[in-house]
Amino acid sequence: MATSKAVVSRLELVRTTRRTGKKSSESTPNFLGRLPSEILIKILSYLDASALFSISHINKLFDKLANDNILWQKIYTAEFGKHKKRRPECIDELLLKMEDGAEISWKWLYFNTRAACDMYKWNKHLEQISSHTGLPRQTERVLRNLNLTWELTVTDKSGQENTLELSCSHFFDASVTLCWSAGVYMPDYQQISTLQIHGVRRIALKCPGIKIPGWRSLMATLDMQALTKSAQVIGEDRLVQLKLLQCGVIIGVWRDQCSVAFVMVTLHFHRLVERSTQGSSVCPYVEPTVKPPPDDIDPEYGLHGYQLHITLHNTVCELMSERLSQLYCCRDNISDGLVRLTTLSGNKLGHIRLSGHITLPWRCEALQGTVKNCCIMSLTLLDEFGKPFKCLSSPVSMAPETTPVCYDYDGENYVIHYKEPDIQVKMRLVWMKEHFAPISLAVHVSVSSVNEHFTRYY
């Protein structure tokens, strides 16, 4: 390691003297270029992967030398060659192809093996399921240890693309909220053609200031020309207006203008690691189809044994987190193409309170604000076998209830009503002087999704 640091320091000295214009026999631009390539490769052979990767960014000469296949074969063999147990099966298959004569870059193989080993190690942590949410309890830890981030690619109507780095992220027990500040790289709202969200995984290298190699996994492609027509305004303050494009995606647009302030996306934890890492750069991850056993043991009893975890939060704090069990729907109550799961009502809600006001704070490069009567709802519906059946995370808005449905509480009534084709959620709340309290909560799931999930014919 001391040798590696000495070589890197020497090369940095050469670059520094170039910038300062110092003249000497040792620091002229052609000093290293005059050395035979064999000697330079011998020097580089003492470096580790991080130093070798850093040196490849100095100039074209070192880019060529630092990508020498024999150098990377030596690094690969030193780290993985003697420990077959550390190599996942997919890497052994690539090595067999190399033995058959297929040429594979050892540098490419090294980074892929590092990535596969890390994935194998951290995937074991996803097997620990939270009894509260029904989701892997260490999702956040796994995402952070895999050095995973998310990028937003914006394409305007002329075809020009810009990729935005993540501005900030906020983790909660069932979801993560991502924010990108628009800055000068975002076209006007009406000029955006598509938005693409990619999970980006990078290898942990000690290369400060250098973009480390990574893999991109496409998670969503949004056709803005279609979505802007159906976008719903869910709230506004004196600076921005929030437009909900689809589940989990909102754009903050400066009021009375067409320019974008920020983009906010909320991702549910269900298979988030797989969605963020296992898709390709142009094709999303496809969840494997696993058919559960039929849930209709007694046809007259209908659907039973469902569980629900619901969270209300914003970008700063959690407002409410509840787990509800033994939800059911008798067969006679399946109507209008919907299965109605009544989860909470009346006195059962007396102990539940929201820990704060329903607001959605936002922040961009230079400004910040708070939109009232908006928050983020994360919902996980588990079937009777404890497996996620329906999951969603999306900003929602709260509106006054014009016709109160409950007179047991003295206070103003409000409703949060979220709709999408396969699931609907309606929560009624009452303001009780110092806090909000939910007084009813019902979840409607489409009959078609139940039939597809359980291979039934309701």
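A brief look at the structure comes next. Predicted model only: the values in this text are computed from it and were never measured.

1. Quick look at the sheet that holds strand E9 (residues 249–254)
At step 1: The 6 strands are arranged E3-E4-E10-E9-E8-E7 in an open sheet whose pairing can be described as antiparallel. The open sheet has two free edges, formed respectively by strand E3 (168–171) and strand E7 (232–236), since each of these has just one partner strand. Between one strand axis and the next, the sheet turns by 20° as a mean value, whatever way the strands run.
At step 2: Bridge analysis of E7 against strand E8 (residues 240–246) gives 4 bridges, and the strand direction is antiparallel. Paired with Gly-235 across the strands is Leu-242, a residue of E8.

2. Side note on unusual backbone geometry
At step 1: The backbone of Arg-271 shows a phi angle near 55°, a positive value even though the residue is not glycine.
At step 2: Of the residues examined, Arg-271 reaches a relative accessible area of 27% and is grouped as partly exposed.
At step 3: A positive phi is found at Asn-373, a non-glycine position, where the angle reads about 60°.
At step 4: Relative to the assigned elements, Asn-373 resides in the loop between strand E15 (368–372) and strand E16 (374–382).

3. Quick look at helix H11 (residues 447–454)
At step 1: Among the 8 residues of H11, 6 are classified as buried, and the element is accordingly described as predominantly covered.
At step 2: All of the buried residues along H11 are Val-447, Ser-449, Val-450, Asn-451, His-453 and Phe-454.
At step 3: Once H11 ends, the next one or two residues include Thr-455, with phi positive near 55°.

4. Regarding the nonpolar core
At step 1: Core analysis: the largest hydrophobic core is formed by 39 residues, its most contacted members being Trp-150, Leu-152, Trp-180, Met-186, Leu-195, Leu-245 and Ile-251.
At step 2: Leave out the neighbours within four places in its chain, and Leu-152 touches Asn-162, Thr-163, Leu-164, Trp-180, Met-186, Leu-195, Gln-196, Ile-197 and Val-263.

5. A word on the side chain of Thr-133
At step 1: Mapped onto the elements of the fold, Thr-133 is located in the loop between helix H7 (106–123) and helix H8 (139–145).
At step 2: Reaching out from Thr-133, the side chain makes a polar contact with the backbone nitrogen of Leu-135 at a distance of 3.1 Å.
At step 3: Discounting residues that sit within four places of it in the chain, Thr-133 has contacts with Asp-173, His-309, Arg-323, Thr-380 and Leu-382.

6. Description of the sheet that holds strand E2 (residues 161–165)
At step 1: Judged by pairing direction, the sheet is antiparallel, and its 4 strands sit side by side in the order E2-E1-E5-E6 without closing on themselves. The open sheet has two edge strands with one neighbour each: E2 and strand E6 (214–223). In this sheet, neighbouring strand axes are inclined to one another by 25° on average, regardless of whether the strands run parallel or antiparallel.
At step 2: Summarising the sheet, strand E5 (residues 192–202) and E6 pair through 9 bridges and their orientation is antiparallel. Within E6, the residue paired with Leu-195 across the bridge is Leu-222.
At step 3: Of the strands in this sheet, E5 and E6 touch H7, which is tilted by about 80° from E5.

7. Focus on the pattern of salt bridges
At step 1: Tallied over the full model, the rule gives 8 salt bridges.
At step 2: Between Arg-271 and Glu-287 there is a salt bridge, with the nearest N and O atoms lying 3.2 Å from each other. Taken together, the residues span a long stretch of sequence, with Arg-271 in the loop between strand E10 (260–268) and helix H10 (272–277) and Glu-287 in the loop between H10 and strand E11 (303–313) at a distance of 16 residues.
At step 3: Given a relative accessible area of 42%, Glu-287 falls into the partly exposed group.
At step 4: Within the structure, one salt-bridge network assembled from shared partners comprises Glu-151, Arg-202 and Arg-216.

Quick notes on the rules
Residues numbered from 1 in each chain as written. Predicted model: local features only at pLDDT ≥ 70, side-chain atom pairs only at ≥ 80, totals over all residues. Heavy atoms only, no water. Pairing = 2+ DSSP bridges. Helix = DSSP H or I, 4+ residues; strand = E, 2+ residues; numbered from the N terminus. Axes fitted to C-alpha atoms, helices over the stretch in contact; angles between N-to-C directions. Buried < 20%, exposed > 50% of the residue type's maximum accessible area, 1.4 Å probe, protein only. Core = buried A, V, L, I, M, F, W, Y, C linked by side-chain atoms within 4.5 Å. Contact = heavy atoms within 4.5 Å. Polar contact = N/O pair within 3.5 Å; in protein donor to acceptor, adjacent residues only side chain to side chain. Salt bridge = Lys/Arg side-chain N within 4 Å of Asp/Glu carboxyl O.

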